[in-house]
Amino acid sequence: MSTVLGYSPNARIDKTLLEKFLRLPLPEDRVQATYIWIDGTGENVRAKDRTIIGVPTSIKDYPIWNFDGSSTYQAEGSNSDVYLYPVATYKDPFRPGANNVLVLCETYKHNKEPTESNKRHACAEAMSRAADQKPWFGIEQEYTLLDMDNRPFGWPTNGFPGPQGPYYCGVGANRVFARELVEAHYRACLYAGIDVSGTNAEVMPAQWEFQVGPGEGMKCADDLWVARYILHRIAEEYGIVVTLDPKPMPGNWNGAGAHCNFSTLTMRQDNGIIEIEKAIDKLSKQHVRHIQAYDPKGGQDNMRRLTGHHETSSIHDFSAGVANRGASIRIPRGVAEDKKGYLEDRRPSSNCDPYAVCNALVRTCILDE
C-alpha cells in the first residue's frame, strides 16, 4: 500500500468484494434511492438511502422525507426534524442498472420554510422570472486532493514539489497525481446524466478541475451539486480526501475557484457584446453583493484567494477585460472577436453554493435588482 494512504481506512478495504453483491438482482418493483442534500455549512453534502416500492415516473412520485437536522447544523435537538423535498433525479453510478437513483433535495424547516442553507429556493424563483431570457450557466469546478494528513496528494512528506509551471494540463507521473480518480468521476457523472463538458489538471499539483454545463436555468447548479457528491463518493473508494477550500496551501500556490460562465439569449445573438457590456456595467455596481454571495462565509473564504495574484483579481476592486485572467470578469477572446457569446465571472470560490452564484447573476444582470 502507498505510504501516503497508510492512514486511510477506506484504502485498506478490498473493493472487489462488493461486486458479487452488486450483481444480485433486485425485485422489479423496488428502487434504491439515495437522497442528497446540502447541510448547514452551505458547502458540504449529506446523503441517506431508502427503498421505494414501485418505479417512479416523475419527480413528484418520490416521497418527501426527513432527517435529524440537529446533527447537520440545521435544527435544534428539541425540534430537529427537517424535511427533504425531491427536486431532481440522476442515475446512480454506484448501483448501476435497474432503476436506482440519486435524488437531489431541498431542505425545509418544521414550518415548511426553507432552511438557511437552502439557496435553491430563491434561485428557482429568480430563474422562473427570468425564463424568457434563457439564462445559461457553465461552472468550472476546481478542487484539491489530499491524503489523510490533509496534505496535497502526491506531495513530498517533508517538502514541496517543484514550482508551478509543468502541472497545468500536465502529463506524466511527476506532473499529475490520481488521474484514475478523475477519470472515474468523469465517467460516473456522464452515466448519471450530468452535463460534464470536460476536465483537466490544474496549476497546483494535486489540483484538478471539471466543467459542468452549459445548462439553462437550474440545470447547471443542480448538476454541480450532484457532481460534487459523486466526487466525494469516488474519493472514498481511493481513500483520498477532496477539499473545495479556495486556498488549501498558503504561499506561492494557486487557489481554487468555480469560475461561472454566464449568458442570456440576447448575449448569444448577433451584436450580443452590447448586452455583455451592459451586464458588466451592472455587475460593477454590485461588486460587494456578489462577493458576499460567492462563498459560504460571506466573502471570508475568498479573502485568502482573491489577492490580485495567482490568476485572480483583488477582492476589493472590480475589473473586467478581454482574455484577462487577473480580472473580476473576463470576456473570452473568441467572444470579443465574434461580438457575441458570454462572460466569465472569475470571483466565485471553489466552495461556493452555485445556487447563490446563479441567483446573484440573474438578479443583477436580468432582473435589475
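Rules and cut-offs
Residues numbered from 1 in each chain as written. Predicted model: local features only at pLDDT ≥ 70, side-chain atom pairs only at ≥ 80, totals over all residues. Heavy atoms only, no water. Helix = DSSP H or I, 4+ residues; strand = E, 2+ residues; numbered from the N terminus. Expected span 1.5 Å × (residues − 1). Buried < 20%, exposed > 50% of the residue type's maximum accessible area, 1.4 Å probe, protein only. Polar contact = N/O pair within 3.5 Å; in protein donor to acceptor, adjacent residues only side chain to side chain. UniProt positions renumbered as here; feature names shortened; annotations may be inferred. Salt bridge = Lys/Arg side-chain N within 4 Å of Asp/Glu carboxyl O. Axes fitted to C-alpha atoms, helices over the stretch in contact; angles between N-to-C directions. Parallel < 35°, antiparallel > 145°, perpendicular 65-115°, else oblique. Contact = heavy atoms within 4.5 Å. Nonpolar A, V, L, I, M, F, W, Y, C, P; charged D, E, K, R; others polar. Pairing = 2+ DSSP bridges.

**A short note on helix 10 (residues 354-365)**
Move 1: The end-to-end C-alpha distance of helix 10 is 16 Å, a good match for the 16 Å that twelve residues give at a rise of 1.5 Å each.
Move 2: For helix 10, the tally of buried residues reaches twelve of twelve residues, placing the bulk of the element in the interior.
Move 3: Looking at helix 10, one finds that the buried residues are P354, Y355, A356, V357, C358, N359, A360, L361, V362, R363, T364 and C365.
Move 4: At the N-terminal boundary of helix 10, the capping side chain belongs to D353, with an oxygen 2.9 Å from the backbone nitrogen of Y355.

**As for the UniProt feature "domain: GS beta-grasp" (unreviewed entry) in the protein chain**
Move 1: UniProt annotation of "domain: GS beta-grasp" (unreviewed entry) refers to residues 31-112 when read in the numbering used here.
Move 2: Here residues 31-112 is 0% helix and 49% strand, with 27 Å between the C-alpha atoms at its ends.

**Concerning the pattern of salt bridges**
Move 1: A full pass over the atoms with the stated rule returns 25 salt bridges.
Move 2: For D270, the salt bridge goes to K340, with nearest N and O atoms at 3.3 Å. Of this pair, D270 sits in the loop between helix 5 (265-268) and helix 6 (273-284) while K340 sits in the loop between helix 9 (333-338) and strand 13 (343-345); the two residues are 70 residues apart in sequence, bridging distant segments of the chain.
Move 3: Through salt bridges with shared partners, a single network forms among E43, D245, K297, D301 and R304.

**Topic: the packing of helix 6 against helix 10**
Move 1: Between helix 6 and helix 10, whose axes approach to 9 Å, the crossing angle comes to 105 degrees. As far as their axial angle goes, helix 10 and helix 6 are roughly perpendicular. Residues A279, K282 and L283 of helix 6 form the contact with helix 10, whose own contacting residues are L361, T364 and C365.
Move 2: Tallied by class, residues from the contact of helix 6 with helix 10 come to four nonpolar, one polar and one charged.

**Comments concerning the sheet that holds strand 2 (residues 45-53)**
Move 1: Taking strand neighbours across the sheet as the criterion, the five strands line up as 2-1-5-4-3 in an open arrangement whose pairing is mixed. If you trace the sheet from one side to the other, it starts and ends with strand 2 and strand 3 (65-68), each paired once. Going across the sheet, the axis of each strand differs from the next one's by a mean of 40 degrees, ignoring polarity.
Move 2: Bridge count between strand 1 (residues 30-38) and strand 2: nine bridges; the pairing is antiparallel. Looking across to strand 2, one finds that I38 is bridged to V45.
Move 3: Sheet strands touched by helix 4 (residues 219-238): strand 1, strand 2, strand 4 (81-91) and strand 5 (101-108). Its angle to strand 5, the strand with the most contacts, is close to 115 degrees.

**Focus on the pairing of strand 1**
Move 1: Judged by how many residues are buried, strand 1 sits mostly within the fold: seven of nine residues are covered.
Move 2: The hairpin formed by strand 1 and strand 2 contains six residues between the paired strands, and G42 there has a positive phi angle of roughly 80 degrees.
Move 3: In terms of strand pairing, strand 1 meets strand 5 through four bridges, oriented parallel. Its bridge partner being in strand 5, T34 is matched across the sheet by L102.

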